[in-house]
Amino acid sequence: MSSSTLFSLTLCFLVLFNCCFAQIEQVTSRHGQQQARRRNFQCQLQKINALEPARRIKSEAGVTDIWDENDKQFQCAGVAVIRHRIQQRGLLLPAYSNTPKLVYVEQGRGIQGAVFAGCPETFQSSGKFSRDRSQSSEDQHQKVRQVREGDVVALPSGVADWFYNNGDSPLVLVQLLDTSNPANQLDQDFRNFFLAGNPQRELQSQRSSYQRDQDEGQRGRQDEGEGQRHQQDRHRNVFGGFDEKILAEAFNIDTRLARSIRNEKDNRGIIVRAEHELQVVSPHQSREEEEREIGYRGGRGGGFNGIEETFCTARLKHNINDPERADFFNPRAGRLTIVNSLNLPILRSVQLSVERGVLYPNALMSPHWNMNAHSIIYITRGNGRIQIVGDNGQTIFDGELREGQVVTAPQSFAVVKKAGSQGFEWVSFKTNDNAQVSQLAGRVSTIRGLPVEVVANSFQISREDARRLKNNREEVRVFSPSQSGRSHEIA
Amino acid sequence: MSSSTLFSLTLCFLVLFNCCFAQIEQVTSRHGQQQARRRNFQCQLQKINALEPARRIKSEAGVTDIWDENDKQFQCAGVAVIRHRIQQRGLLLPAYSNTPKLVYVEQGRGIQGAVFAGCPETFQSSGKFSRDRSQSSEDQHQKVRQVREGDVVALPSGVADWFYNNGDSPLVLVQLLDTSNPANQLDQDFRNFFLAGNPQRELQSQRSSYQRDQDEGQRGRQDEGEGQRHQQDRHRNVFGGFDEKILAEAFNIDTRLARSIRNEKDNRGIIVRAEHELQVVSPHQSREEEEREIGYRGGRGGGFNGIEETFCTARLKHNINDPERADFFNPRAGRLTIVNSLNLPILRSVQLSVERGVLYPNALMSPHWNMNAHSIIYITRGNGRIQIVGDNGQTIFDGELREGQVVTAPQSFAVVKKAGSQGFEWVSFKTNDNAQVSQLAGRVSTIRGLPVEVVANSFQISREDARRLKNNREEVRVFSPSQSGRSHEIA
Amino acid sequence: MSSSTLFSLTLCFLVLFNCCFAQIEQVTSRHGQQQARRRNFQCQLQKINALEPARRIKSEAGVTDIWDENDKQFQCAGVAVIRHRIQQRGLLLPAYSNTPKLVYVEQGRGIQGAVFAGCPETFQSSGKFSRDRSQSSEDQHQKVRQVREGDVVALPSGVADWFYNNGDSPLVLVQLLDTSNPANQLDQDFRNFFLAGNPQRELQSQRSSYQRDQDEGQRGRQDEGEGQRHQQDRHRNVFGGFDEKILAEAFNIDTRLARSIRNEKDNRGIIVRAEHELQVVSPHQSREEEEREIGYRGGRGGGFNGIEETFCTARLKHNINDPERADFFNPRAGRLTIVNSLNLPILRSVQLSVERGVLYPNALMSPHWNMNAHSIIYITRGNGRIQIVGDNGQTIFDGELREGQVVTAPQSFAVVKKAGSQGFEWVSFKTNDNAQVSQLAGRVSTIRGLPVEVVANSFQISREDARRLKNNREEVRVFSPSQSGRSHEIA
């Protein structure tokens, strides 16, 4: 009977294993299945440029830089890039948008809040700085997060979020808005729906109006009704469009307050200065705790009672700057860190991922292509050269890049990066939650995977040369610079 | 040893739990992952209108009303809306289409059949009313369903279906056709492929031809070959396009009968009057049975033998009108009932869901936005006011609606509904199988999720006002009207 | 206690069953959920033609035939069709593309290699024919496969692959490139990125440039920068676009060799003759082994050590020509064999499937429609007649087809095939990994699924005729020819 019990135990373990296995496979297979993205534009790229922001919008407590969403590289990739520089005590107003967003914290420290529909208010602020102590000043709200340089924050579409700079230097956020994401059922414009304030007109996407203007230019007609979008000079928050009596009734407030929340005379823009240092309490986390932080789907909701929806306890951020988390590391060349849906599970629903690269002076990345994603590269430090090559062998980009510039490597296009004399650092946003890269050179590469005879015959070179081509570079992805000006042979 | 057995048992339960958990997560995660929809059109909406049908098609035993599929709100949402009013003994001819469909039974009772490819004929009619009793008149066919007012019926694309009115009042069906659904690999036209009859020309979508006309108007050219679609005056059933000899051979029938099924001289239209009361037997279900009815995936096929395909035993309908099934209920305001892939699992493959709202006189719905879906609102009774607000705070719709009108709230756009003096009832079709809504006011809302300090600084209001804004309305989604004309303060 | 152990065992089995069940459902449900495909073009088809290749490109050791990707049937289906005829000792150069590919081996035998990013080099060639025996001539590379007539090979997008003819007759490959596949994030052009050689200009898709020309013709403008794509006369391999110094450094080779791999003066085209018989070793498999070959996801990687990624041990090929594997067989009519994600699991990620049909002389296929896929039909032998019918009953195709011709049956359109006097054989590529077909006639068909009373009233025929229509043809899908010229009645 003992053996039968043992057998049943064994079986149980087997089952347990199978289940886990099954689940892992599910995860894996989902990665295999790229969701369709939408194409309104062509990717016939002959030349693209390194881009700096096209327009700057000043707010009370910061500036917002927007890259030209009509540049053909962004139209091909179906994304938009925005950077906020938030001053001390600056608050980026709560807003939601029709696209998922990835935020990279380039600089500074802050507090971030994301409000998920239907999730409970699990944080309690004591409100000890309330001016009016006569009344209960306790406040309950949804989770807020500390963010710091190097954090990646993922925000699903339709979720309202805000940032506040509680540090002592500017808080700089680089945002990717994925307009071609399956979650966006509207057109290719990104749209920010501000819950408060009086947002500037220039903030909104000008993609559709650009397109229309292009078409109108050709056709010589004026589409009325819709054509007036860019002529409108009042851009209001979402409450601005509601009748104030209905607002008053919905919130059960007086019409004076209802009028207030429409913020019609607010000139502060979208980044406002907090009157007092914002008293939003957030538990400070040790790094060890952060490591143990519960995952997205599997979370048992540390301390919560289980009635929350799945999203409620999702982890939204991951630090990509920490050298210890590097996925590829070469002490003579640099490192590469990847945040995808395997280490930040909410990316599975957002369908985006991020790669952080740090190259030491003169080091280089293996030539490669992105198999299942576009790669939008934002330079964070240093300088370097990037070459991007298309299907006809045409060089669509060959140039030096410096801090703050953006360039896009479209799916399938071959890319090489080489650091300059100060080293080269970047963050690449990728339009797939598990972006895969195929290397052309190095120990793990396509050329290595080919038989020597195929290499020799394909390139019309000798077998010895084919062997050199396959084997001379023993590093993976992050390559050290050649010892000499003319590269030596190992033969 | 007893303890070891106990341990193995415990483990088993653990495993069982894990499995279930894993599966639930799969379901959940799939909801998180919105499938891409297709965009051919822009969503630059400045003003939209409440719409009534644009064209009416008369058939022998009923009329079909079609909303203008070229209205910009439907082009943005990628859907079409059709209403059939079937008289007593009227049969809506069997047809399939290139899009999934949701049908809401607005009025009456009837029988519905959907023929799934490869599924067995599990229903047997005794055929006792056959005129010719000399021969075996037994008949086997696929499952048929009783439908009644308030039922939602989901029909995957490519599945042939028919409806028959066996009640004593008109059977009114409101259909949503989701042309932008991933299941449709053709263009944005909806296409009905009738298996019988001789359908009217006006039935087919005029979206592509409209588009082409628009373009042609601009370009002054005439695309031959394709341009003739709308000039064709013969619209036949699918057999009409086949050679009658091939048909005769395929069905192993004589050519006379083959010619008959092409129905070339049939003038009855798509809703025909049955010669005799249709003798299709369907087991009458008690409500309790219906409740227990097996689900879509998990079904063990009550009474079937297990060789059927998954779809064969899928439940296709769910009554959304039953007050007991309400998901949100406020005795002073009304109720809200939701049918999504969690309670009608076939919606997972159809990627649509439905919401039914009933507001008592002067009650209102919380202002909200649809996070991951468009919402196509069909008014079923009463009157009320709807306001819809876009990303610039522009009011794209502000008007009174009455029975039979349709208006679309695009994804992300903010919406508020307020009942008039007779109350307000509607059904909203949503382009996501698990459409999520984010409330702006009330006990579970975005404003509640924000810290008081963020609310105060964002709107430039005092902390007391911020607290009022957060807390004054304690209801969820369905709000009772204010007691007085001017709303009172709780402070 | 024995009974308690038994109980725990029972429970275990229950759990095991549940798990398996759960997993199967997952698979099933994924099939139910068609991923969105992209639509740039209309499917307003009034007439389509049987197509032969539009252009032929000659290479050193073979020819490549390309069908007109701008034909409206391919634009509607979002695919391109290419055929390579590789002579003996011919090597189709390694390349990857932006779309998944399905390859049908129409003729001959060969070796095929696909290089998956990050997978280990698990094959070892002894290199005994190396000219220079003084140095180690051992070579390690990724898996290579024997292919033979009737094999279907699935290639995910972004994976580099090559073919080599090691047989004694031409190796003929028919390729479907699925440009509207969710895996392609670029536009509707197919793009081949060759790793070696100097590909001919005509190889690349002319879809976008065609579109642009169409538009330019209308608009009378010349888009500079992008408009030059088709005027460029140098098409190079991907290394051709990189700086040769960077290449030298990346591969750690001298610049002479770096210059060589750019192959700028190579005139051999994309199919080159191997200098010597290619010595790539591949284990010859018995058919029994092939049957047992491990599946895609579930594979435990026969002999590998478990650290490979999921794709590394995926099975990529399946023989569809073997009569024993037929899914539908009628000794008097022919057979039908289907390869979908259930028997070739990598198709789940590729989202394509294949059907192989063999009709004996004068036999016919049941009239049917493709519920969730387009069907691109390539005739491999014999002759036959195909009719394709649209939503208005219009016959968009009615013609005789012969070997080497292609015709497309769009989703939902009704199709019938009838073999000529020599029989009729084809392979149909379908744009869904589990394409489903709904029959109109025969034992398992839509007409059978309808109640007799519905059939009679729909077609206005007698119940007896309705019964004939339902029951006279007892075969499934593959129908034997009628005994007489005029079909007999069973009544």
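All values derive from a computational prediction rather than experimental measurement. Think of each chain on its own: its residues are numbered from 1, step by step along the sequence as written. Chains carry letters and ligands carry numbers; both start at the beginning, A for chains and 1 for ligands, and go up in the order they are written. Under the rules for a predicted model, residues below a pLDDT of 70 receive no local features and side-chain atom pairs below 80 are neither given nor counted, while totals for whole chains, interfaces and linings still include all residues. Values shown for side chains rest on all heavy atoms present in the structure; no hydrogens or waters enter the calculation.

Here we come to the overall build of chain A. The helix and strand inventory of chain A stands at ten helices and 25 strands. Any two residues whose heavy atoms approach within 4.5 Å are treated as being in contact. Nonlocal contacts in chain A, meaning residues at least 24 apart in sequence, comprise 75% of its contacts between residues at least 6 apart. Carbon and sulfur atoms provide 46% of the accessible area of chain A, an area that totals close to 16,700 Å². Secondary structure elements follow DSSP: runs of H or I of four or more residues count as helices, runs of E of two or more count as strands, with numbering from the N terminus. All accessible-area figures derive from a Shrake-Rupley calculation using a 1.4 Å probe, and residue coverage is judged against the displayed protein chains alone.

Quick look at the state of the cysteines now. All names here are of chain A. What counts as a disulfide here is a pair of cysteine sulfur atoms lying within 2.5 Å. Tallied over the full model, the rule gives six disulfides over all chains. Put simply, C43 and C76 are joined by a disulfide, and their sulfur atoms are 2.1 Å apart. Classification of the bridge connecting C43 and C76 rests on its S-S torsion, roughly 105°, and on that basis the disulfide is right-handed. Of this pair, C43 sits in the loop between α1 (2-32) and β1 (55-59) while C76 sits in helix α2 (residues 72-77), placing them 33 residues apart in sequence. Accessibility assignment for this pair places C43 and C76 in one class, buried. Sequence-ordered numbering of the disulfide-bonded cysteines in chain A gives the connectivity 1-2, 3-4. For the exposure calls, accessible area comes from a 1.4 Å probe over protein chains only, and a residue counts as buried if that area is under 20% of its type's maximum, exposed if over 50%, partly exposed in between.

All names here are of chain A. Axis definition: a line fitted to C-alpha atoms, over the contacting stretch in the case of helices. Angles run 0 to 180 degrees between N-to-C directions. Where helix α9 (residues 452-459) contacts helix α10 (residues 463-471), the two axes come as close as 8 Å, and the packing angle between them is 110°. When the interaxial angle is binned, α9 and α10 end up roughly perpendicular. In the crossing of α9 with α10, the sense of the turn from one axis to the other is right-handed. Residue-level inspection shows V452, E453, V455, A456 and F459 of α9 in contact with α10, the latter providing R463, A466, R467, L469 and K470. Three classes are used: nonpolar for Ala, Val, Leu, Ile, Met, Phe, Trp, Tyr, Cys and Pro, charged for Asp, Glu, Lys and Arg, and polar for all others, with Gly counted as polar. Tallied by class, residues from the contact of α9 with α10 come to six nonpolar, no polar and four charged. Throughout this description, any angle smaller than 35 degrees is read as roughly parallel, any larger than 145 degrees as roughly antiparallel, any in the 65 to 115 degree range as roughly perpendicular, and the remainder as oblique. Handedness of a helix crossing follows the sense of rotation of the near helix relative to the far helix, less than a right angle counterclockwise being left-handed and clockwise being right-handed.

What you tend to see is this: most non-glycine residues have negative phi, and most peptide bonds are trans. Residues and elements named next belong to chain B. Even without a glycine there, the phi angle at Q351 is positive, about 60°. For Q351, the location among the structural elements is in the loop between α7 (347-350) and β18 (353-359). You can call Q351 buried: its relative accessible area is 4%.

This next bit is on the sheet that holds β1 of chain A. All names here are of chain A. The seven strands lie next to each other as β1-β2-β3-β12-β5-β10-β15, forming an open sheet whose pairing is antiparallel. Looking at the sheet topology across the chains shown, the edges are occupied by β1 and β15 (317-319). Within this sheet the neighbouring strands show an average axis-to-axis angle of 20°, counted without direction. For two strands to pair, DSSP has to find at least two bridges joining them.

Time to look at the pattern of salt bridges. Any Lys or Arg side-chain nitrogen located within 4 Å of an Asp or Glu carboxyl oxygen qualifies as a salt bridge. Applying the stated rule across the entire model yields 84 salt bridges over all chains. Note that R356 of chain C and E425 of chain C form a salt bridge whose closest N and O atoms lie 3.0 Å from each other. With R356 of chain C in strand β18 (residues 353-359) and E425 of chain C in strand β23 (residues 414-430), the pair connects residues that are 69 residues apart, well separated along the chain. You'll find R356 of chain C and E425 of chain C in the same group, each marked buried. If you follow the salt bridges from partner to partner, you end up with R236, E244, R259, R262 and E264 of chain A in one network.

Residues and elements named next belong to chain B. Reading across the sheet, the seven strands line up as β1-β2-β3-β12-β5-β10-β15 and stay open at both edges, with antiparallel pairing between neighbours. Of all the strands in the sheet, just β1 (55-59) and β15 (317-319) have a single pairing partner and so form its edges. On average, each strand axis in the sheet is inclined to that of its neighbour by 20°, with strand direction left out of account. With seven bridges joining them, strand β3 (residues 80-86) and strand β12 (residues 171-177) adopt antiparallel strand pairing. In the sheet register, R83 faces β12, and the bridge partner there is V174.

UniProt positions are given in the numbering used here, feature names are shortened, and annotations may be inferred rather than shown by experiment. Mapped onto this numbering, the UniProt entry annotates "domain: Cupin type-1" (unreviewed entry) at residues 48-259 and 318-467 of chain A. This span, residues 318-467 of chain A, is 14% helix and 48% strand, and a straight line between its end C-alpha atoms measures 41 Å.

Residues and elements named next belong to chain A. Tracing the sequence through the fold places A409 in strand β22 (residues 406-409). With relative accessibility at 1%, the residue A409 sits in the buried group. Residues A409 and I388, 21 residues apart in the sequence, show an inter-C-alpha distance of 6.6 Å. Contacts of A409, omitting those with residues within four sequence positions, involve N370, H374, S375, I377, I388 and V415.

Bringing α10 of chain A into the picture now. Counted residue by residue, α10 of chain A has eight buried out of nine residues, so it is predominantly covered. In this fold, the buried residues of α10 of chain A make contact with α8 (446-449) and α9 of chain A together with β8 (139-141), α4 (244-251) and α5 (255-261) of chain C.

Of all nine residues in helix α10 (residues 463-471) of chain B, seven are buried; the element is thus mostly enclosed. For α10 of chain B, the secondary structure elements touched by its buried residues are β8 (139-141), α4 (244-251) and α5 (255-261) of chain A together with α8 (446-449) and α9 (452-459) of chain B.

Turning our attention to the environment of K72 of chain C. All names here are of chain C. Tracing the backbone through its elements, the reader meets K72 in helix α2 (residues 72-77). Taking relative accessible area as the criterion, K72 reaches 29% and is therefore assigned partly exposed. Taking the C-alpha atoms as reference points, K72 and R207, 135 residues apart in sequence, are found 11 Å from one another. Here K47 takes part through its backbone oxygen, which lies 3.3 Å from a polar atom of the side chain of K72. The definition of a polar contact used here is a pair of N or O atoms within 3.5 Å, where within protein one atom must be able to donate a hydrogen and the other to accept one, and adjacent residues in sequence count solely through side-chain atom pairs.

It is worth spelling out the pairing of strand β20 (residues 375-389) of chain A at this point. The side chains of a regular strand alternate, first on one face of the sheet and then on the other. All names here are of chain A. β20 sits mainly inside the fold: 13 of its 15 residues count as buried. When β20 meets β22, the two strands line up antiparallel, connected through four bridges. By the bridge assignment, Y378 is partnered in β22 with V406. Both β20 and strand β21 (residues 395-402) contribute to a ladder of seven bridges, which runs antiparallel. Across the sheet, the residue bridging to V389 is T395, located in β21. Following β20, the chain reverses through five residues before pairing antiparallel with β21; G393 in that reversal takes a positive phi of roughly 75°.

Further remarks concern the side chain of N472 of chain C. The residue N472 of chain C is located in the loop between α10 (463-471) and β25 (478-479) in this model. Side-chain polar atoms of N472 of chain C contact the backbone oxygen of N252 of chain B, separated by 2.9 Å.

Next up on the list: the environment of E277 of chain A. In this structure, E277 of chain A sits in the loop between β14 (271-273) and α6 (287-292). Look at E277 of chain A and you get partly exposed, because its relative accessible area is 36%. A sequence separation of 52 residues divides E277 of chain A from F329 of chain A, and the C-alpha atoms of the two residues are 41 Å apart. Setting aside anything within four residues of it in sequence, one finds E277 of chain A in contact with R89, Y164 and N166 of chain A together with E453 of chain B. Looking at E277 of chain A, its side chain comes within polar contact range of the side chain of Y164 of chain A, at 2.8 Å.

Below, the discussion takes up the packing of aromatic side chains. Side-chain rings of Phe, Tyr and Trp (the six-membered ring for Trp) are treated as a pair once their centres are within 6.5 Å; stacked means planes under 30 degrees apart, edge-to-face means over 60, and tilted covers the remaining angles. Following the criterion strictly, the structure yields 21 aromatic pairs over all chains and no others. For the ring pair F239 of chain B and F251 of chain B, a centre distance of 5.7 Å and an interplane angle of 70° mean the geometry is edge-to-face. Pair noted here: F239 of chain B is in the loop between α3 (207-219) and α4 (244-251) and F251 of chain B is in helix α4, with a separation of twelve residues, a long-range link. With respect to class, F239 of chain B is no different from F251 of chain B; both count as buried. One aromatic cluster is present, formed by Y96 and F193 of chain A together with W369 and F413 of chain B through successive ring pairs.

As a further point, take the side chain of S341 of chain B. With respect to the secondary-structure elements, S341 of chain B resides in the loop between β17 (334-339) and α7. Among the polar contacts made by the side chain of S341 of chain B, one reaches the side chain of D433 of chain B at a distance of 2.8 Å.

This part takes up the confidence of the model for chain A. Residue and element names in this part refer to chain A. By definition, pLDDT measures how confident the predictor is in each residue, and it falls between 0 and 100. Per-residue confidence for chain A gives a mean pLDDT of 82; residues scoring 70 or more make up 76%. In the predicted structure, residues 286-309 sits below a pLDDT of 50 and forms 41 contacts with residues beyond four places in sequence or in another chain. Contacts for the low-pLDDT stretch residues 484-491, under 50 throughout, to residues beyond four places or in other chains number 15 contacts. Both scores are given for the predicted complex: the pTM is 0.86, the ipTM 0.84.

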